[in-house]
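# Residue-level structure breakdown
What follows is each chain in one-letter form.
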Amino acid sequence: MARAENKETASPTARLVAELARTMRVKRGWTQERLGDGIGYSAAAVSAMETCAQPASDEMLMALERVLGDGTGFFDTARKYIRMEKYPDEFKDYVPLEQTAARIELYAMDFIHGLFQTEAYARALIGGGYPPLSDARVEELVEARMARKALFDRDPTALIELVLEESVLTRVFGNKQIMREQMRYLAECARRRNVTLQVLLSDPGSGGEYAGGHGSLNVLESPNHQHLAYVEVQEESWLISDPAKVSRYAQRCAKIRAQALGPRESLDLIERLAGVEV
């Protein structure tokens, strides 16, 4: 939503996009209405972008590249930096590593991992947090989270292994319909050739073995085979590169996977929760 206060808080990239878009529009002798017609937005939306009352969305940047880009790729490049500026400070160092990783091992025990969230689930989760966020900030964070999904279809393909706590599948965010749609989306993700999805049952069984008690965890392997771990709690985060520590986290991930249901059984459970006949 366009707001006057956004002009004061707009990021450096949003300001650069606004100035360049306006300069290129004026150079062509176009009105804001003429540019809006070309990119599928109103003149008011173009004005809001140029004044940073409502910085350009990802979709608007793609349209600006098509209409004003002249083959420079500037607006396409700006998409990456604007997305980065929308992430919370504690997450900004992690995202570029995630997007280029060759392999990602994930364990989520509180809610569906961000890479696997639907838009409605993410909005309910982010919008219901504390301290409360403005509607505009919620939408920024939802858009940034959805943009991370480009990883699924990246070439070269990333191998993604996710283990979810069983309780995550039944903890309702939003409403039951949002959860059913989230379960269907999880099932769709689980069928991807580059994704392995498993569920760690809440009941560890008679053996009592449970490796997931230390919290959610991400372990990454970079394209040059460097291994990193990322942990986050209470809006604090740590990106860990010490080989001994990362090795321990990787071993923990392996143990969690071994204790979880197999991929086929996990998919059956998710499909039942989604109301899909199996």
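Structural data are supplied above this passage.
As a starting point, this report considers the structure included with it.

Definitions and limits used
Residues numbered from 1 in each chain as written. Predicted model: local features only at pLDDT ≥ 70, side-chain atom pairs only at ≥ 80, totals over all residues. Heavy atoms only, no water. Salt bridge = Lys/Arg side-chain N within 4 Å of Asp/Glu carboxyl O. Helix = DSSP H or I, 4+ residues; strand = E, 2+ residues; numbered from the N terminus. Buried < 20%, exposed > 50% of the residue type's maximum accessible area, 1.4 Å probe, protein only. Axes fitted to C-alpha atoms, helices over the stretch in contact; angles between N-to-C directions. Parallel < 35°, antiparallel > 145°, perpendicular 65-115°, else oblique. Left-handed = near helix turned anticlockwise from the far one by under 90°. Contact = heavy atoms within 4.5 Å. Nonpolar A, V, L, I, M, F, W, Y, C, P; charged D, E, K, R; others polar. Pairing = 2+ DSSP bridges. Expected span 1.5 Å × (residues − 1). Polar contact = N/O pair within 3.5 Å; in protein donor to acceptor, adjacent residues only side chain to side chain.

Opposite charge on two side chains allows them to pair when their charged atoms are near. Enumeration over the complete set of coordinates arrives at 17 salt bridges. For the salt bridge of R148 with E98, the shortest nitrogen-to-oxygen distance reads 2.7 Å. Here R148 is found in the loop between α9 (135–147) and β2 (159–165), whereas its partner E98 is found in helix α7 (residues 94–100), with 50 residues between them in sequence. Of the two residues, R148 and E98, both sit in the buried class. Three or more residues are tied together by salt bridges with common partners; here these are R103, E105, E161 and R257.

This part is about the packing of helix α2 (residues 12–28) against helix α5 (residues 58–68). Across the interface, α2 lies against α5 with an axial gap of 12 Å and an inter-helix angle of 30°. What the angle tells us is that α2 and α5 run roughly parallel. The crossing of α2 and α5 is left-handed. Contacts from V17, A21, M24 and R28 in α2 reach L61, V67 and L68 in α5. For the contact of α2 with α5, the per-class residue count stands at 6 nonpolar, no polar and 1 charged.

Our focus in this paragraph is the sheet that holds strand β5 (residues 227–233). Spatially, 6 strands are ordered β3-β2-β1-β4-β5-β6 in an open sheet, and the strand pairing comes out mixed. Each edge of the sheet is formed by a strand with only one pairing partner; in this case those strands are β3 (195–200) and β6 (236–240). The sheet shows a mean angle of 10° between the axes of neighbouring strands, direction not considered. Alignment of β2 against β3, held across 6 bridges, turns out to be parallel. Looking at β3, one finds that V163 is bridged to Q198.

Residue pairs three or four apart in sequence face the same way in an α-helix, which turns once every 3.6 residues. With 15 residues, helix α11 (residues 176–190) should cover 21 Å at 1.5 Å per step; its first-to-last C-alpha distance of 21 Å lies within 8% of that length. Looking at α11, one finds that the buried residues are I178, M179, Q182, M183, Y185, L186, A187, C189 and A190. Taken together, the buried residues of α11 touch α8 (119–127), β2, α10 (166–170), β3 and α13 (263–274). The backbone nitrogen of Q177 lies 3.0 Å from a side-chain oxygen of the residue at the head of α11, namely N175.

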